[in-house]
There are 4 protein chains.
Amino acid sequence: MAKRKINMGMVGGGPGSFIGAIHFNGAILDGQIELVCGAFSSDPEKSTITGKEYYLPANRVYGSYQEMIEKEKLLPEGERMDFLCIATPNHVHFGPAKMALENGFHVVSDKPLTFTTTEAEELVALVERTGLVFAVTHAYTGYPLVKEAREMIKKGELGKIRKVVSEYPQGWLSDPIERENQTQASWRTDPGRSGKSGCMGDIGTHALNLAEYVTGLKVTELCADLSIMVEGRPLDDDGNVLVRYENGARGIIYASQISAGEENGLRIRVYGEKGGIEWVQAEPNRMEVKWTDRPMEIKKPGNAYLSDLAQYNTRMPPGHPEGLIEAFANIYRNVATCIQCRLDGTEPPAEALDFPDVYDGLRGMQFIDKLIESSDSEKKWIAF
Amino acid sequence: MAKRKINMGMVGGGPGSFIGAIHFNGAILDGQIELVCGAFSSDPEKSTITGKEYYLPANRVYGSYQEMIEKEKLLPEGERMDFLCIATPNHVHFGPAKMALENGFHVVSDKPLTFTTTEAEELVALVERTGLVFAVTHAYTGYPLVKEAREMIKKGELGKIRKVVSEYPQGWLSDPIERENQTQASWRTDPGRSGKSGCMGDIGTHALNLAEYVTGLKVTELCADLSIMVEGRPLDDDGNVLVRYENGARGIIYASQISAGEENGLRIRVYGEKGGIEWVQAEPNRMEVKWTDRPMEIKKPGNAYLSDLAQYNTRMPPGHPEGLIEAFANIYRNVATCIQCRLDGTEPPAEALDFPDVYDGLRGMQFIDKLIESSDSEKKWIAF
Amino acid sequence: MAKRKINMGMVGGGPGSFIGAIHFNGAILDGQIELVCGAFSSDPEKSTITGKEYYLPANRVYGSYQEMIEKEKLLPEGERMDFLCIATPNHVHFGPAKMALENGFHVVSDKPLTFTTTEAEELVALVERTGLVFAVTHAYTGYPLVKEAREMIKKGELGKIRKVVSEYPQGWLSDPIERENQTQASWRTDPGRSGKSGCMGDIGTHALNLAEYVTGLKVTELCADLSIMVEGRPLDDDGNVLVRYENGARGIIYASQISAGEENGLRIRVYGEKGGIEWVQAEPNRMEVKWTDRPMEIKKPGNAYLSDLAQYNTRMPPGHPEGLIEAFANIYRNVATCIQCRLDGTEPPAEALDFPDVYDGLRGMQFIDKLIESSDSEKKWIAF
Amino acid sequence: MAKRKINMGMVGGGPGSFIGAIHFNGAILDGQIELVCGAFSSDPEKSTITGKEYYLPANRVYGSYQEMIEKEKLLPEGERMDFLCIATPNHVHFGPAKMALENGFHVVSDKPLTFTTTEAEELVALVERTGLVFAVTHAYTGYPLVKEAREMIKKGELGKIRKVVSEYPQGWLSDPIERENQTQASWRTDPGRSGKSGCMGDIGTHALNLAEYVTGLKVTELCADLSIMVEGRPLDDDGNVLVRYENGARGIIYASQISAGEENGLRIRVYGEKGGIEWVQAEPNRMEVKWTDRPMEIKKPGNAYLSDLAQYNTRMPPGHPEGLIEAFANIYRNVATCIQCRLDGTEPPAEALDFPDVYDGLRGMQFIDKLIESSDSEKKWIAF
C-alpha cells in the first residue's frame, strides 16, 4: 500500500479567526497532512465560505462538528479524516474533543484544553482509555531553541536549576476593544466563552508550560496576584505569580495583556548553578547562554553544535529564520508521524513523541484553578 | 466550475537539496498550490525517492524535465501541472525554463536566472512572446518589512535617496569544504555548474536585487573588487563593490562567503534626505527607521500602521514571527493568484504582481557580467 | 572672592574597594570637586597607600574618620573638606554620616543608608535639624534616560501607570566565593557587615529606588519570597517580590545574585494606559518607548527631543556613550552645585535638587525590613 | 620627592566646543592629571570665561597659545604645564603642537594631526628629534574591547585576516546646518579650517585608524568615491572606499555625515580564517566573536577571560558600563604614566605605550591625500 498523507478535519477557524489559519498553515507546511473536511463555524454559511477558501468539496464541509464526526466516521479509512483539529474558542474545545475521541479520531486541540478542569480530567481519562494521539498546541515549545534549552538542562549543562523567570507580556487589551466587538478580544474577555480566567488562561498557561517544559521541573507552590486593569472587564488582564519548583528552585511567572506596547513578549530565563539561558519568542532564532566563567554564547538554529532534538525541529540552514508557523508545524509533523506509525504498526521515534499532550492541557487547567484560588486568598502559598 | 488549487511540477530538489524543500514548503504553505509531479534528480532512483516523500503517484515522477514537460502537456487542464518550479543548480535553470515556456507552462525559477546572459535574454524574449507568468525567487524581497521599506521610499518619506549600503556576508565557505564533497559547496564553487561567478552570483545578486527593489533605483555604474580567499578555489568567494545609482545616490554592495562566523547576514541600509531605514534578514521582523529630527522607530509586521503592501504580505498578528519560508510563500501566493486570474479571465490585484520576475533575473545576470568585467579592469567605473 | 572647587573627604575606598574608585571618578569627572583628604581604611598603612595614589599630602590622610572629621573641622573654610563621601561597607555608613552631620559637613553616602532602620531614622532627623546636603548614591537614577523616563511619566505621556517590573539579576555569587575571601563577596554575605539582608539590601534596594523614582509612585504593599540558594550562606542571595503601588498599579521587584551568567542586569519596564518604557542598565544609552498605536521608539541621550532634565544630565552629543561613572558624576555635580549655592547664598536650580537623598536611604532600609517580615510570614500582603 | 599630578595646559575648548570638554573630562577622570592653564579661545574674553569655569587663576589663562607656551616655560617644573592638550579646529593643530615640542612640552592633540601632510611630517621629525611624548586622540581605540580585538588577532585566534569592514556613518550633516552657524558644522565644512577633506578627514580617518589598529595590518591600496550630497557644501560629506591590506586581505572603509538618522555609528568587522569579530562604538561594552565551528560569543569588559591589555583599560566590574570619556581617559592615563616615568627616570610598562601617536596622525593625513587623489582619478587603485 502506498504511503498516504494524514487527513485532517478542522472545527472552528471560520472567517475572522486567526488561530485557525495558523493551525492550517502549520499542519500542511511539511506536506504530510491534508485538510479534508471542516466544520468551520456554527453558522453554516460561514462554514461554507471557509470551506471554499480551503478548496474543500461541498460534501466535506459540515454545519457542526457533530455532523462532521458522524459522517466522516462512515467514510473508508484513507478517505475519512484521521484526526480532528480544534481551533474554536475555549468553551467549544471539550465537546469536539470528547466526541472525536469516542469515535476513534485522534485530536489536536488548541489551549486551554477545556472550559473546566473536570472536563479536562474527563479527556485525560478518555485518552488513556482509547490510546489515541492527543496534542495540545502549546506551540511555543515547538521552537528549535526551546528544545535546545530543554536538552541542555536535561544533560545538566547548567547544573541544578535555581531560578526561573517566565513572562508573557502583551499590550493589545490595554484599551477595552472588546466593546468595539473586536473578534479576538470579545470572546477572550467573556467568562462565558473564555472560562474563569482571561489573561492567565490565555497566555499565562503558555508561560507555565514553557517553564515546566524547559526545566523538566514542576511548580509545586504558588502565590498569585491577578488583577483587572481595564475597568469593567470581567476577567483578569494581568497576573503576577511567585512560584516554587519541586527541586527547591524559585521563580516568577507573569502574564499581562495590558502591558501597553508589548506585542507578544513571551520570554524565559533559567539559571542553574553553572549558567543560564534566555530565550525570547519574538526573536526565536537566537538564545543567550550565559556562563559564570566564560563569555556568553548565542546559539542559533541549523548549526551542528546543537542537540539532535533541536536539529530535528529545524528545516533550514543557519541564518534562515523560521517562525511560529514552523513551531506549530513541528507539533503537527510529530502528530502525523505518530498517526502514520499506528497505520504502519511501527513505533514512532523518540523525537516524534515530543509534543504537548493532554496532560499538559490538564495541568494548564489546574494552574488556572490554583491561580484564582491563590489570588482570592489571604494565604501566601497554595500547593499546586 | 469549482475553484481549484494551482498545480506545481518541480525540477530539482532531490535528496541533499535544501532549496528544493524551501520551494516546496513555501509553495504549499497557504494551501493554494499542490505539488502534482516532479523530476527531482537526473538519477531516476533518487527522483523516485523524493517523489515518494512528497506522496506523488509513481506515474507523476519523471526521470527528466523533458519527459515531465512532454507528458504533463498531454494531461487535461486541471490535472496537469500549471507551472514549473525550477530548483536545480544554476546550469540547469535555462533548459527547463525555456522548454516550460515553449510548452505553455508558467515558471518559478531559482536564481541566478541562467548560466549565461545570452540565455537570460532568450528567456526574456520567450516570456514576452508567450505572456506566461515567470517568477524568480529573489525571496528576500518577499518579507513584509522589505515591502514596507519600498513603500516608504516610494511615498517619499525618506526624501531623495542619497546612500545605500547592501551587504551579504556569509562564512560557510571559510574552509574548502567543497573538497569534502559537501553538496551545496561542491556545485556552488564549480564554474561548470555555478557559472562565471561564485559568491557574487550566488548571493551578491540578492544584495543588488534587494537594493534596487527597496529604493526603486537602478545602479548605473560600478567598481568591483572580487577575490578568491580560499586558495585553489576557482570562483570568487568575496566581493566588494562601489556603486552609483541613477539619481546620483552612492553606495556599497558587498557579499562574502568567507566572512567567518557569519551565517546569512543580508542587511540593507538606505538613507535619504530626511531619514533612513535598516533591515537585517536574520531578524526580519523588525526594521529600524531613523529620523534626523525625532527618535528612531522600530516597525514590526502585523501592525495597522504599516502600508497596505506590507500588511498584504503577513499572515500573523504582531509579535508572531514569520520567516523565510513565509517570504517564499509570498512569491508563490502571488504567482498562484496570477495564474488563477488567468484561469478566471480576471485581472490580478496590484499586490499580486509584486514579485521578482524575468527582468530581475536578467538584471542579475548582467550584474555578474559587469562585476567580472570591472574586477578584471584597471578602469575605475564600468557602466551598468 | 574667586569661585573655588568643592572639597571632598572620603572614608573607605582603600585597597581592594571598587566602589571607592567609582565615587572618586564620579566626583572629580566634571572638575568641580577636589579630593582633599581621606580615611581610606581602618588600617592606617593601607590608608596611607591609597592617600598617595590620590596624591594627597600626608597630613590629610587620616587613620580614622573620627580623626579626619575632628582635624578637618579645625581647618579654614576653603581648605577643609566641604563634604564627606562614605564608601565603606554597610556597617560603617552610619557612624561617619552622623559625625559628619553633627560637625557641619555635608554627606554623600553609599547605600544602603545604614545598618539598621533606627540609624536611618536618626540620620533623617539630623539632616532635618542641620539642613545639610545629604545624598545617597542610588546612582542608577543618575542616567539621562532614567531622567527621561521619569519626565515622560510625570507629564502623563504614558497615561496612568498600571504595571511596573523592576528587576536586578546578577550572577557573581553563584559560587560561594566568599569562602575564598573575595573582598566584595566577603562583607556582602556577612550579616555583621552587610546587615540583615544580602542580595535585597545590596541591589534589591536599587530596584525599588529605580521603580519609585521613575514612576513617582510609592509601593504600599508587598509579598516577598527571599531565599538562600548557595548552601551555608547566611543571607539571602535571591528574592522575588509582588508589589502594589499607591495608585493601584501592580508589579514585580526581583533581585538575584545567583542568576548565573548575569553581570549587572538592572532593568525596568513601566506600562501605562497609553504606552510603556523599557530601560536596561547595561545598555544605558537607549530606551525603548512602546506605544499602543504606533511604532516603538528608541530614545537616545544627547538629542534635542529629550526633556530638559535628561539633557541636563548628559555631557555628550548623540552616539557618544556615557556610563555609570557619568551617572555617579551627575549626583556629585548636583551636590557640588547645592553646596556652591550655599556658599554663594543663592538658590540651586531645580535640576540640581534631583538626586537621591536621606529619605530615599531611609525608604531602602524600611524596604529591607518589610521584605524580611514578609518573607518570614504566612500572611500574603505586608503594608509598606 | 612626593609624587605629583601631571600638569596639563589646554589650547582650544572655549565656549561652544564639545571636544574640549571631553578632553578635559578624560584627562582628569583618573585623578593623575590637573588642568593648570589654558588658552581656550582666540577671543581673550571667551578664554577668560572658560578659565573661570575650570577654576583657573587668572594668571594662568592666556590670550594665545604662543603666550601660554612662552610664559609657562618660565615657571618651575612641577608648577608649569607638563603637556599641552590641543582641542582646536584642524587648522590650529600644527602651530601649537610645533611650538610646544620646540619648547619642551609633551603634546596630546586632537585629530586630524594637522592641516597638511607636510606639517604632519614636520611634527614627526620634531617628535623624533625631541623625544617628547606625543599622542593623537583617535580615542575609539581606547575602548577595552577594541584592545581585546587587537590582542585576539595578534595572538592568531582568528587566523589569517581576510576581510575588514570599517564604517563610520553619521547623519548630523544631512541638512546644511553650517548655514545656520551651528558651531561644529561651520568649521568642519569649511576648507579653510577643516582641510581638504570634510567627512573623510573628520571621521574617515578614525575608521582607518581603527581598522589598522585592530588588525595590525596596513592598507596598501585604495579606491575611493568621495561625494558631496548636500548641494553647495565645499567638502565631501560621504565617502566609500575599497581597500587592500598588506597581507592580501580586502575590505571596505566608509564614512558618511549624511546617513540621515545615524548618530555616531562607528563599527568594525574583521574576519579571519577561523572566526570574526564585530564591535559597534555606540554599544561599546559588548563585542561579538563569531566562530566557524561553535556558537558566537559575546565578550564584555571587566571579565577575567579578557586579555591583560583589555583588563588594563577598564575601571569597572562586569556590567558597569564605561563610555567614550573613559576611552579618552585611557589615552590620557597612558600619557600621564609615560610623563611620570620620565620624571622618575623609569621605563613605562608596555601597556602604557599603547596609544595613538604622531605616526598614526601622519598616516591619517596621508590617507586623506590618497583618498582625494583616488576620488579624482580614473585609475582604479592608488598605492598607499
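Above this note sits the structure.
Below is a short write-up of the structure. Please read these numbers as outputs of a predicted model, since none were measured by experiment.

### Description of the interface of chain A and chain C
Then step 1. Listed as interface residues are 34 residues of chain A and, on the opposing side, 34 residues of chain C.
Then step 2. Broken down by secondary-structure element, the contributors of at least two residues to the side of chain A that touches chain C are β6 (161–169), β7 (219–227), β8 (238–245), β9 (250–256), β10 (267–272), β11 (275–280) and β12 (287–291) of chain A.
Then step 3. Counted by class, the side of chain A that touches chain C contains 10 nonpolar, 11 polar and 13 charged residues.

### Structural notes on the relation of the copies chain B and chain D
What relates the pair of chain copies is a rotation about an axis plus a shift along that axis.
Then step 1. When chain B is fitted onto chain D, the two copies agree to an RMSD of 0.0 Å after a turn of 180° and an axial shift of 0.0 Å. The operation mapping one copy onto its partner corresponds to a two-fold rotation axis. Distance from the rotation axis, computed per C-alpha, reaches its smallest value in chain B at K380 of chain B: 2.1 Å.
Then step 2. The residues that chain B uses at the interface reappear at the interface of chain D in 100% of cases, marking a shared surface.

### Examining helix α9 (residues 199–215) of chain A
Residue and element names in this part refer to chain A.
Then step 1. When the terminal C-alpha atoms of α9 are compared, their 23 Å separation across 17 residues agrees well with the 24 Å that a helix rising 1.5 Å per residue should span.
Then step 2. Helix geometry: α9 is bent most strongly at T205, by close to 30°.
Then step 3. The buried fraction of α9 is high, at 17 of 17 residues.
Then step 4. Once α9 ends, the next one or two residues include G216, with phi positive near 70°.

### Section: the pairing of strand β8 (residues 238–245) of chain D
Residues and elements named next belong to chain D.
Then step 1. Where burial is concerned, most of β8 is hidden: 8 out of the 8 residues are buried.
Then step 2. Side chains of β8 alternate between two faces, with D238, N240, L242 and R244 and G239, V241, V243 and Y245 buried alike.
Then step 3. Direction of pairing for strand β7 (residues 219–227) relative to β8: antiparallel, over a ladder of 8 bridges. Counterpart to L222 in the pairing with β8 is V243.
Then step 4. With 7 bridges joining them, β8 and strand β9 (residues 250–256) adopt antiparallel strand pairing. Across the sheet, residue L242 finds its bridge partner in β9, namely I252.

### Some remarks on unusual backbone geometry
Then step 1. Cis geometry marks the peptide bond from K111 of chain B to P112 of chain B; its omega dihedral reads -10°.
Then step 2. Tracing the backbone through its elements, the reader meets P112 of chain B in the loop between β4 (106–109) and α5 (117–130).
Then step 3. Of note, Y55 of chain D is a non-glycine position whose phi angle comes to about 65°, a positive value.
Then step 4. Its place among the elements puts Y55 of chain D in the loop between α2 (44–53) and α3 (65–74).
Then step 5. When the 14 C-beta atoms within 10 Å are taken as the criterion, Y55 of chain D is described as partly exposed.
Then step 6. One non-glycine residue, N181 of chain D, adopts positive backbone phi at about 60°.
Then step 7. Positionally, N181 of chain D belongs in the loop between β6 (161–169) and α7 (183–188).

About the criteria used
Residues numbered from 1 in each chain as written. Chains lettered and ligands numbered in written order. Predicted model: local features only at pLDDT ≥ 70, side-chain atom pairs only at ≥ 80, totals over all residues. Contact = placed C-beta atoms within 7 Å. Helix = DSSP H or I, 4+ residues; strand = E, 2+ residues; numbered from the N terminus. Nonpolar A, V, L, I, M, F, W, Y, C, P; charged D, E, K, R; others polar. Least-squares fit on C-alpha atoms with pLDDT ≥ 70 in both. Expected span 1.5 Å × (residues − 1). Bend = angle between axes of the 7 residues up to and from the residue. Buried ≥ 20, exposed ≤ 12 C-beta atoms within 10 Å, placed from the backbone. Pairing = 2+ DSSP bridges.

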